[in-house]
Each structure stands twice: as structure tokens, then as C-alpha cells.
Amino acid sequence: MDTMQLSFYDVLRMVIAFVLIVSLVFINAIIMGYMERKMAAKIQRRWGPMEVGFQGWLQLILDGVKIIAKQLIVPKDADRTLFRMAPLLAFTPVVLPFLVLPFSKSLFGRDINLGLIFIIAVSSINVLSIFVAGWASNNKYSMFGSIRSVSQNIAYEIPILLSLLSVVLVTHTYSMQGIVAAQGSIWFCLVQPVACIIYLISATAETNRAPFDLPEAESELTAGYHTEYSGFGFSLFVIAEYANMFTVCAVATVLFFGGWHGPFSGEYLGALWFLLKVFLLMLIMVWVRWTYPRVRFDQLMNLAWKYLIPFSLVNLLLTALIVKCI
Amino acid sequence: MKEIERYAQFLKDESEADSTELQGGAMNSFPLTEQVLKVCQANSLWPLTFGLACCAIEMMAAGMARIDMARYGAEVFRPSARQCDLLIVSGTVTKKMAPALMTLYEQMPYPKWVIAMGNCAISGGPFKVEDNYNVIEGVDRLIPVDVYVPGCPPRPEALIEGILKLQEKIAGKRHPWPQRKMKDAVKVHPIP
Amino acid sequence: MVTKLEKIAGPKHRFLLNMGPQHPSTHGVLRIVLEMDGEYAMAIDPVLGYGHRMHEKMAEGRPYNGFYPNTGRMDYLGAILFSHGYVGLLERMSGAEVPERAEFIRVITAELNRISSHLVGIGAYVLDLGAFTPILYAFDDREMILDMLEAITGSRLTYCYFRVGGVTKDIDDTFIRRARAFIDRMRSRLPMYKDLVTDNLIFLKRTKGIGIIDRDMAARYGITGPVLRGSGISYDVRKSEPYSVYDRFDFDIPVGENGDSFDRYVVRMEEIAQSLRIIEQALDALPDGPVMVKPKKKLKLAAGGCNYTVEAARGSLSYYLVGDGSDTPYRLKIRVPSYSNLSPLPELCKGMLLSDLVTAMGSLDLVIPEIDR
Amino acid sequence: MKSSEAVIKLNEAGFKAEPAEVTRVGYHVTVALGADQIRPFAEWLLSEGFFIDFLSAVDASPAIQLIYQFAHFDAPCRIHAQVSLPDSGAVDTISDIYQGADWHERETRDFFGVVFSGHHNLVPLILCDEDKDLKPLLKKEGAKKSLADIGLGEMVA
């Protein structure tokens, strides 16, 4: 994109992309919700949703319809405006990164030459919504959850950035399509294994998934930052969480696992490979969640500041040296 | 005790006054949407993580691998009352607990249902004795109850039956569409 | 203890946090009022009584035999162990004879019940730490025990099986086969728990060094059971004041080293293995004969006080009964183990992070209606 | 500590201790205490390494009897002490010596109305606030029996 002048075609493309993406976010939440429950059931040697539709596949749709019709409660002492705003604030920024994700060679919303930076910038807004939710609820448990979330996100943003930068040093581009194109021969998880591992750990923490799900630690803070949210507000938080998972896994796919590359990946068929890889990564996150206990908050911070950030810094320096020498 | 009675009366009045308006809101004016909504509500009853006494263990057992309430969509035990549809009163309610229980009920958003699980919650059970000074004899004195599951404690299967009964109450049908009737139960631990 | 944070911030930044009576990690209807300084709990005040069911008052208003069902409803996870204490007390006071076979059956069922109680305890404990799956495996194993006990007692949870003079129903070959099958299965499952939970790095990091109880503290608060044995003190009523036929079996008392949450967890796991040993020996040595001596219609006990102590799943359980020559107790005091095990919480958890408080409290393995009685 | 040894030591320390028939009553040593001896008794026990088992009361005429039971971790030695509540309705607290007695004392105050003087926080523990003067375990008029009738008479100091 050399010029910022948009043609009618570009605008139309973005509008269509936006509509598709919003529906993708909802569909993703339904699929992931179902897969998570089924996978948890599998791990725990039970059936999971079974009776509602074949193998329970209608369960999540019915849950969704039910939750829309629930009464919306705003607690008496809550900040009404912020309380209502927070779920929307959580939902909006998670849609935007989808615009620049390269689903296949020609299937993408828009290829910005600073795509990676855009994703990181936009997805950081999410933490603000959690903070607003916790603050507006006027509930001590919510407040704990949101404060934990803020410090956790700030801590884990840094290793994410640093590990992504070491890939950028190799590819010399921030464009998502450019990074995918550079992985034609070899995936970057082999070129940058340290960055890959650091990114996956930090991404789990960034999306507040177990074992780093401290903002909504059930046994400590009941439901954490969304303790006071009922009905649709609550479901928006859940949808945003799944969309966030999709985003970080998509970024991991693009940067480390070859994006849409794969056998028979033509102009559009690459999207299948892309989605397959993303969902595999997400299932790994689900797998981890149902296996491990939760870490303590100071341990979480120690992991970020004492291990992940120094290691990613060293990794970045080494990468820079090698790239410079070659 | 006076205060508790006043509070209970308030909850009862409120639930009667609001039930028509809040059990689905404006959607109730369209029969078809109402029916669809009822089916959805019946198939997705999220209980509150709330155990009082012995029955709580059987409630947990109902959610575990052998019985698995999740099959009927009653899987998601939410720790916060705001996100629940179903309050399972699983055990003895004492005089000290009564205000907290009523607050929990009040915190739940409409539409909401209550299952009184076990004899203690139904009538005070074995603790309905002459010198009773602390046990509330029946949780329906405090909050409106939809389904009673007797037993001391009831088996997990009885709780599942209670949930199916509640589904019948909500949707008018024992296995509301799209639920299928469960096939033969699988024997998990065969007798050696 | 004044923490570093307290020196910096001072008490004016403190606020109250109310945990419970409905909270996922209080295991029931316990309420804890915390005075928090950030995430540090600086003052802890447990509020009991949300499950107070007047057992002691009820005992005074009904015949001795009428209290059997209540014993099973105090500690619903270890109901047989609680009725063992009560029945033992009545037998001690009345001098009733118990057939040997009945004593062996009592030991077998009591130890099975202890295993099922420990399984719930450790499952719920790991759930407190945020791992969902182990509790499902634990319940899966527990269901096998419940099946067995249900076949001979008729109920899944609140057993009312022991009577003065024996037990209500004899065990049959099916029960013995199932019990042996269960021993094999449970032994094969214990390494799985070790891999999944005990050797888990996050679990170790969360529990090691959290909530250390030493001997002095245990004496001052009267802590007993696995919580005490985690601190390295091998006090077990089954060994120190043997009741029933426990003196005939060969078993060890597992003890911990540091007295922290991790040790308490490990002690419970080891106790499962020891209980399996006892059951195996009891099954091998099971004598023939009747299981019940025909009881008198109405039990009347002489005046005087009498004490009977047993090792329940959570610690030493004492019944102290004062009789007055009639067929109802004059006064029945029940010393429940969780009550004393919970009481050090304010001292144990002062200055802890909220997460550690949940860890330490979970490792005490509380049953709240037992505490409140 | 062996129970026979404990009886000798207790008598040396000035408490009226006797060995009990453990197979009949379930404890090894009985001690008949005066209301003023409770605190020295508790201090002695703590220094000898005993732990507190429980503390409770029995309502009888002429006075409520307080029951203290202690046991030892290392040896089978269960000490049972009985105190007759003085007319003032108050006895000394031992909750600063044995912190575990704190809750037992609060519970006894809930159920019997016994006041433990010197207790730092004698508020209702089990009962709710409106029932704090209910005293549910006190016997009704007519149901109360004398100490001799319930077999506790010979243990009173």
C-alpha cells in the first residue's frame, strides 16, 4: 500500500470483510465453546453435551439464545455508563485484528504494511475493557481481577513484542502476508524456536487462559472481573476471550507455523490450512487449561520479568547479530 | 426471624409481579419465539456453585464423570449468582444462612428457577424436631421453589430427574426439542 | 507478624473482604471475613454456624438408638467413621459384646469410607488450586467404593450401618470380590495421581512451604489427623489408643517433613495406600460367624460420663456422653476434628496472599457441617 | 508421658488427679479442679506437651460442670478435668494459653451462657446474633438432674 487513497473497491471489500469477520467471531465462539466442552469431557472421561442435538452440537447455540434473553442487571452502586460500556469495549478491539489476518493468499481483509504492529496495538485495548469492567462493577473481587489483569497484560506484552520482533528481523517486514510468504521453504518455529515457545507461553497469559487465568480465578475471586455481569454482557466477555484466543493463535500461525502454507494451498484453499493450524493451537490451549493447576500471582510475574523477558531479549540480540553478519 | 419473613414476602411478591414481564420479556407476545426461547432456556440450565451440606456432595457427583449432568446442558457451574439460571438448594438452610440464601436468589437474573434438593431443603427433614431452634423447615418459606427432589440425600440420578422435571415445567415437554431420549445407560464399573 | 508491606503502607489502606458463605473455595457455608492489604490477608476472622444443625440438642431428645442417623450426617464424607465412634461409645458404656466378624467388617467399611473421604478431599483441594480434572478422576474411583458400600448399607453417603452389637447386614462374596478388585485398581491408579498432581511443577510451587504448622501450634490448637501428621507427628488414634480390632493389623502412619500444605496432601495420598493394606489384611483374616448379637429392645445406660475416641478421616473424633440411667443421653458432646483443624486459620494465614490462603485452607480438608454440627 | 507418671506429676503440681479405668470411661486420668486452678492447670499441661482435645459443659444442679479434655501426641494419656462453675457464672479463660480453646469457649458461651473472663472476643460463634441469649443446651426446668444422678458427683473438687 503505497498510497492511502482508497478506491470504491477497497471500501466495499473492507465492509464485506468486516461483516464476515464479525460473524466469524461469533461462529468461532460457538465452535470453540463446543470444542472446549467436548474436549474437557474427553479429558475427564465423561460425555459432555450429548442430548441437545446430535452429540450436543446445538448446545452452544441454545446457550447463546438463552443468554440473550436473560435479564440485565446493573448493580445499584455500579458506575452505570462504564458498566454497560465495558463488554462492548471488550468486543470491539478483538474484531479489528481479523482485518489484517491473511487467511489465504488472496483471502484477507486488507494487507497493511504494518499489520503486525496494528494487531499488537489494537489487541492491547482489551485489557482496558477488563479494567473498566472491574472498576465499574464496584465489587472487590472484580477489582482484584481487573488489577491482576492489567499487571499481567503489561508484563506479558513485552515478551510477546520481543519475540515477534526477532521474527521481523528475519523477514524484514511487518506485513502479515510478507511474513507468510517468507516461510515458503521453512517454518519459523524451526528458525526461531525460543521466540516461538516464549510467544506461546505469553499468548496464553495474554488471553487470560489457564494456568494463567488469574483475572477470573474461580477458586479465589469467584468469577473475577465479570462477577457482576449477567446475560449478554457476560457472553460478550466470553466471546471476546475466544476471539482473542483466535487472534493470538492466528498470529502464532502466521509467524511461526507457516500461515496458509501447506500441500495444495492455492489462492483460497490455503484458508483451510490456516484455520486447521489455528484451531489446533487453540485446542492445545484448551488441553493445557484442563490439565494444569493455576499459578500464583507473584509466580506469574516472576516468570515474565525474570525469565521470559531476559530470554527474549537475548534471543533478539542473537538474531540481530546473526542477521547482520549474514 | 421477623426480618427474614419480611424479606421472604418481598421476594415472593417480586417474583409474582415480575414473572410475566421478566420471564422472557417482550418475546412473550409472539407464541413461536416464546416457545423457542422456552426450549433454549430448558436446555441450558446453568446451576450456581453452591453447596450447603450433604446433598452438595451428591450434586457434585451428578456433575462428575459417571452421571454427567453436562449431557443435558446443565454443565456450566458458575460461581457467580449473576450468571446462573438455577439455584440448587442442596442441604439444610439454617437461620443464619437464610438471609444469605435470599440474597443469592435476589442476585440471580430473571428467568430463574430453584430446585429444593433433599429433605432438609424441602421440609427441614430429620432436623424438624421439637426443640428445633436453628433450622428453617423448608426453603419454600424463603424463596419460591420450582422442583422438589426428595431423598436424604437424593441420588444423583434423582437430581437429573429433577432437572428433567424442571425442563418439563419450562418447555412443557419432558425432553424438549431438540433433546433425544437417552439410550441405555452405559455400565461404567461392571461388577467383577 | 508485621510484613514488609504493612510497614510501608500502614493499616489505613486496609479494607474488608467477605469470603463466603457462598464461595467456591470455602467448601460449603463457611464465611471468612478478611482484612486485606492489597492481596495480603492481614487479619482473618472465620464466622461459623451457617450449617449448625443442633446435633447435640437432638441427641438429648431421642433414645440412644435414634441418634444413629445423625452421626452419618455430621461428616457426610466419612459417615461410617462417625457412626463407628458413636456405636463404640454405646458399647463401651453398656458392655455389649460384638462378634469378631462384625468388628472386621467395621474395619473394612470404615477404611473404605476413609479412602472415599480422602479422594474427595484431595480432589477438592486440587480444584482449589485451579486444576479441574483430578477431582473427576477421584470421584470416578470413589464411585466404586460407593457402589460397594451401597450394596451392603443401602445408602450412598449417609450410612447408618453400625449398631450396638454388630452391623446390620453381612458382607457377601460379591462384596469381597469387588473389594479386592478395588484394591488392585486403586493401587494402579495411585501412580497416575502422582504423575498428574504430585509431580506437577505448578502444584509443587503452589503448595511447598505454604501454611506451615509446627508441633507447638498443633498442641495449642488441638490439631489432629492428616493435618497433624503432615507436620511429622505420628499421632493416630488407631495406633495410640487402638479401638475395634485395629491392633491386629500391620500398617504404618505416614508422616510429612515440613508440615506445609504439600505434606498434608502427600500424607492423605499415603494414607489411602495404608488403608488399602488394612482392607487387604482384614479381608484375608475375615473370620466366620454372626455379625450381630441380638440387641435389647430398649437401650438403657447407667449414669456417668464416658468418652470414646476414634480416628475419623479428618482427625481424632471424640464422643463424650453423660448418661442418667434413662434411655436418652443426658448430654452428648461431639468433638469434631475439623473444628480444631480450622481454628488455627487466623494465625496460620496471617500476612498471606489470597491465593495462598485458599491453598492453606484447602489443605486442611474441611467439612463445614461437621464443624458447625 | 505414661498415664501413671502423669498422675504422680499432676499431684506433685498440686492438682487432685486420679487414674481412671480407661476401658470403662475412655480416658486415663481424671482431675477435679477448682475454678481458680484452671489457668495454672492449662499452663502445666502446655509445658508438658499436651494438646487440647475439647472443652465443653454439662448442665446439672447445683452448678454447670465444665469439662476439659487434653491428650498427648506421643503416649496414650487422656486427661479429663471437671470444673464446677462458680456462682458468679464466670471462669477464667485459657484461650491465651491454648489458642484452640478460643472457639470452644465461645461455643460454650453460646450454648450454656458460661462467661469466660479475660476472653478477648467472647461474641457468638455458632448462633446468629439475634439468638445470642438463647442458650439452647441448658436443661429445661424439671429436666435438670443433680450431679449424683448423672454420675459426675464424685469428681467435683
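The structure under discussion appears in the preceding block.
Just so you know, these numbers come straight off a predicted model, no measurement behind them.

Enquirer: Could you clarify how one ought to interpret the state of the cysteines in this entry?
Expert: As used here, a disulfide is simply a covalent bond connecting the sulfur atoms of two cysteines. With the rule as written, the count across this model stands at 0 disulfides over all chains. The thiol of B:Cys84 is not disulfide-bonded; the next cysteine sulfur, from B:Cys40, is found 18 Å away. Cysteine C:Cys160 is unpaired, with the sulfur of B:Cys152 as its nearest cysteine sulfur at 11 Å.

Enquirer: Please explain the side chain of C:Arg114 as it appears in this structure.
Expert: Take C:Arg114: it is sitting in helix α5 (residues 100-128). Within the structure, C:Arg114 has its side chain in polar contact with the backbone oxygen of C:Ala312 (distance 3.3 Å).

Enquirer: Just checking my understanding: could you explain helix α2 (residues 59-68) of chain A for this structure?
Expert: Since the α-helix advances by 3.6 residues per turn, residues separated by three or four positions end up pointing in the same direction. What α2(A) keeps buried is the set A:Gln59, A:Leu60, A:Leu62, A:Asp63, A:Lys66 and A:Ile67. Taken end-on, α2(A) shows its buried residues confined to a sector of 160°, consistent with a single buried face. Contacts made by the buried residues of α2(A) are with α1 (8-43) and α11 (231-256) of chain A together with α2 (31-43) of chain B.

Enquirer: What is the right way to read helix α13 (residues 297-325) of chain A from this model?
Expert: With 29 residues, α13(A) extends 41 Å between its outermost C-alpha atoms, agreeing within 8% with the 42 Å of an ideal straight helix rising 1.5 Å per residue. Largest kink in α13(A): about 30°, centred on A:Leu308, with the proline A:Pro310 one to four residues after it. Of the surrounding elements, those touching the buried residues of α13(A) are α6 (140-171) and α9 (193-206) of chain A together with α8 (201-207) of chain C.

Enquirer: I'm lost on the packing of aromatic side chains in this one. Help?
Expert: Where two aromatic rings form a pair, the distance of their centres and the angle of their planes describe that pair. In total, this model carries 34 aromatic pairs over all chains according to the counting rule given. Both rings, one in D:Phe51 and one in D:Phe73, keep their centres 4.5 Å apart while their planes meet at 10°; by these two values the pair is stacked. In this pair, D:Phe51 is assigned in strand β3 (residues 50-58) and D:Phe73 in the loop between β4 (65-72) and β5 (79-84), connecting sequence segments 22 residues apart. Through a chain of ring-to-ring contacts, three or more aromatic side chains come together here, namely A:Phe83, A:Tyr225, A:Tyr229 and A:Phe237. The lysine or arginine in question, B:Lys112, covers the ring of B:Tyr105, its NZ or CZ lying 4.3 Å from the ring centre.

Enquirer: Which parts of the structure should I look at to understand the interface of chain B and chain C?
Expert: It is common to give the size of an interface as the accessible area that goes away when the parts come together. Residue-level contacts link 38 residues of chain B with 39 residues of chain C. Summed over both partners, the interface of chain B with chain C comes to about 3,500 Å²; 66% of that surface belongs to carbon and sulfur atoms. Viewed at the interface, chain C and chain B are joined by 4 salt bridges. The shortest N-O distance in the salt bridge between C:Glu143 and B:Arg66 comes to 2.7 Å. Our count for the chain B to chain C interface comes out at 13 residue pairs in polar contact (both at pLDDT 80 or more). At the level of secondary structure, the elements contributing two or more residues to the side of chain B that touches chain C comprise α3 (54-63) and α4 (98-107) of chain B. Here the element with the most residues in the side of chain B that touches chain C is α3(B); it accounts for 5 residues. For the side of chain B that touches chain C, the residue count by class is 26 nonpolar, 7 polar and 5 charged.

Procedures and definitions
Residues numbered from 1 in each chain as written. Chains lettered and ligands numbered in written order. Predicted model: local features only at pLDDT ≥ 70, side-chain atom pairs only at ≥ 80, totals over all residues. Heavy atoms only, no water. Disulfide = S-S within 2.5 Å. Helix = DSSP H or I, 4+ residues; strand = E, 2+ residues; numbered from the N terminus. Polar contact = N/O pair within 3.5 Å; in protein donor to acceptor, adjacent residues only side chain to side chain. Buried < 20%, exposed > 50% of the residue type's maximum accessible area, 1.4 Å probe, protein only. Arc of directions from axis to C-beta. Contact = heavy atoms within 4.5 Å. Expected span 1.5 Å × (residues − 1). Bend = angle between axes of the 7 residues up to and from the residue. Phe/Tyr/Trp six-rings, centres within 6.5 Å; stacked < 30°, edge-to-face > 60°. Lys NZ or Arg CZ within 6 Å of the ring centre and 35° of its normal. Buried area = accessible area lost by both parts, 1.4 Å probe. Salt bridge = Lys/Arg side-chain N within 4 Å of Asp/Glu carboxyl O. Nonpolar A, V, L, I, M, F, W, Y, C, P; charged D, E, K, R; others polar.

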